[in-house]
Amino acid sequence: MIKKCLFPAAGYGTRFLPATKSMPKEMMPVVNKPLIEYGVDEAVEAGMTEICMVTGRGKRALEDHFDINYELEHQISGTGKESMLGHIRGVMESCRFSYTRQTEMKGLGHAILTGQTLVGDQPFAVVLADDLCVNPGGPGVLAQMAKLYRQFRCSIVAVQEVPEDQVHKYGVIAGDVIRDDILRVTDMVEKPTREEAPSNLAIIGRYILTPDIFDLIANTEPGKGGEIQITDALLKQAQEGCVLAYRFKGTRFDCGSVEGFIDATNYCYDHFYRAGE
Ligand code: UTP
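Residues numbered from 1 in each chain as written. Predicted model: local features only at pLDDT ≥ 70, side-chain atom pairs only at ≥ 80, totals over all residues. Heavy atoms only, no water.

Visitor: Quick question: what am I supposed to make of the nonpolar core here?
Guide: Note on soluble globular proteins: their nonpolar side chains tend to be buried together. If you look at the biggest cluster of nonpolar residues, it comprises 39 residues, and the most contacted ones within it are Phe7, Ile36, Val40, Met48 and Leu142. Top element by residues in this core is helix H7 (residues 141-152). It accounts for seven residues. With residues near it in sequence (within four places) discarded, Val40 still touches Phe7, Ile51, Met53, Phe66, Val91 and Phe97. (Core = buried A, V, L, I, M, F, W, Y, C linked by side-chain atoms within 4.5 Å. Buried < 20%, exposed > 50% of the residue type's maximum accessible area, 1.4 Å probe, protein only. Helix = DSSP H or I, 4+ residues; strand = E, 2+ residues; numbered from the N terminus. Contact = heavy atoms within 4.5 Å.)

Visitor: Sorry if this is basic, but what is going on with the packing of helix H1 (residues 35-45) against helix H4 (residues 86-94) here?
Guide: If you want to describe how two helices pack, look at the angle between their axes and the distance between the axes. Viewed as axis vectors pointing N to C, H1 and H4 meet at an angle of 55 degrees, and their least axial separation amounts to 11 Å. Here H4 runs oblique to H1, going by the angle between their axes. For the crossing formed where H1 meets H4, the hand is left-handed. Touching Glu37, Val40, Asp41 and Val44 of H1 are His87, Ile88 and Val91, all from H4. Along the lines of polarity and charge, the residues of the contact of H1 with H4 split into four nonpolar, one polar and two charged. (Axes fitted to C-alpha atoms, helices over the stretch in contact; angles between N-to-C directions. Parallel < 35°, antiparallel > 145°, perpendicular 65-115°, else oblique. Left-handed = near helix turned anticlockwise from the far one by under 90°. Nonpolar A, V, L, I, M, F, W, Y, C, P; charged D, E, K, R; others polar.)

Visitor: So what exactly am I meant to see when it comes to the pairing of strand E4 (residues 50-55) here?
Guide: The buried fraction of E4 is high, at five of six residues. Relative to E4, strand E1 (residues 4-8) runs parallel, the two sharing five bridges. Bridge pairing in E4 places Cys5 opposite Ile51. Bridge count for E4 against strand E5 (residues 96-101) is six bridges, and the pairing is parallel. (Pairing = 2+ DSSP bridges.)

Visitor: For this particular structure, what's the right way to read the site of the ligand?
Guide: With respect to spatial proximity, 18 residues lie near the ligand, and among them Gly13, Thr14, Arg15, Gln102 and Gly107 are the closest. One of the side-chain nitrogen or oxygen atoms of Thr14 is found 2.5 Å away from an oxygen atom of the ligand. One of the side-chain N or O atoms of Lys25 is found 3.1 Å from an oxygen atom in the ligand. When isolated, the ligand has an accessible area of 570 Å², and the protein chains bury 83% of it. Here the shell around the ligand is composed, by residue class, of eight nonpolar, five polar and five charged. (Near = heavy atom within 4 Å. Polar contact = N/O pair within 3.5 Å; in protein donor to acceptor, adjacent residues only side chain to side chain. Areas by Shrake-Rupley, 256 points an atom, 1.4 Å probe, with all protein chains shown as cover.)

Visitor: Sorry if this is basic, but what is going on with the pattern of salt bridges here?
Guide: Where charged atoms from two side chains of opposite charge come close, those side chains can pair. The tally for this structure, following the rule as stated, stands at 16 salt bridges. The closest approach of N and O atoms between Glu50 and Arg96, which form a salt bridge, is 3.2 Å. Placement of the pair is Glu50 in strand E4 and Arg96 in strand E5, with a sequence separation of 46 residues. Look at Arg96 and you get exposed, because its relative accessible area is 57%. Taken together, the shared-partner salt bridges connect Lys4, Glu50 and Arg96 into one network. (Salt bridge = Lys/Arg side-chain N within 4 Å of Asp/Glu carboxyl O.)

This is the structure:
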């Protein structure tokens, strides 16, 4: 039922400098596939066919990746290498891609608001491609959340427990338990200190949002770090209506950090690449 998936991908990726000086963070390959393609695959698996990307300066490689490269494809046509593009061709044929640009990096909330022009007035998913999520043998995280949306019809954020000394990196929630893996959000704090954190349940880069979030973001003042935070708009939505936090099944790698990126690379090499040899 949710057909659109928004990929905010305009950030600078400063934790990965100098690699990200002229290359989008989302194009960094985990083994032989860029991060963005893992995210798009997860959206497609969840039944989404309209891929909307918020890009920025220096991010044109993202658009090129989901386009035909005539010269290259002509060159490898009829060789054994052609099959290496088979998967992405299938994705390109089954989805529609649209792009808009965030001209000033004013935060994730602002990036999502920039995507309104592509999303329109319907519920949509959000994937931060630098969070790579896997759930081998079961549905992907976005597919799990799309199923929940069909039941609850409200915004949903994916959460996981993190060590207390890590809470300052995340939006952190508190909520009332309504099922062993679902909480109804009552509080949400962006990048809290250990003392401010209402729990150790951290929001990761998967969301399902109802379109009323756009007005809420538009009326949100800059928060932590001077950025317009999606967390602040979601707290308003939780207070006025309902936001759920979902403890997803699977593993998430923070590929925005060097350590998470290396862990994801080792995992994908063992589980996908070598297993497929
Ligand atoms: P991050 O803070 O993790 O990404 O934002 P970043 O700013 O690119 O990375 P660092 O911290 O400097 O290394 C989370 C997501 O939100 C997007 C980013 O592209 C990333 O996917 N984002 C963030 C935007 O699209 N626009 C923004 O203004 C900020």
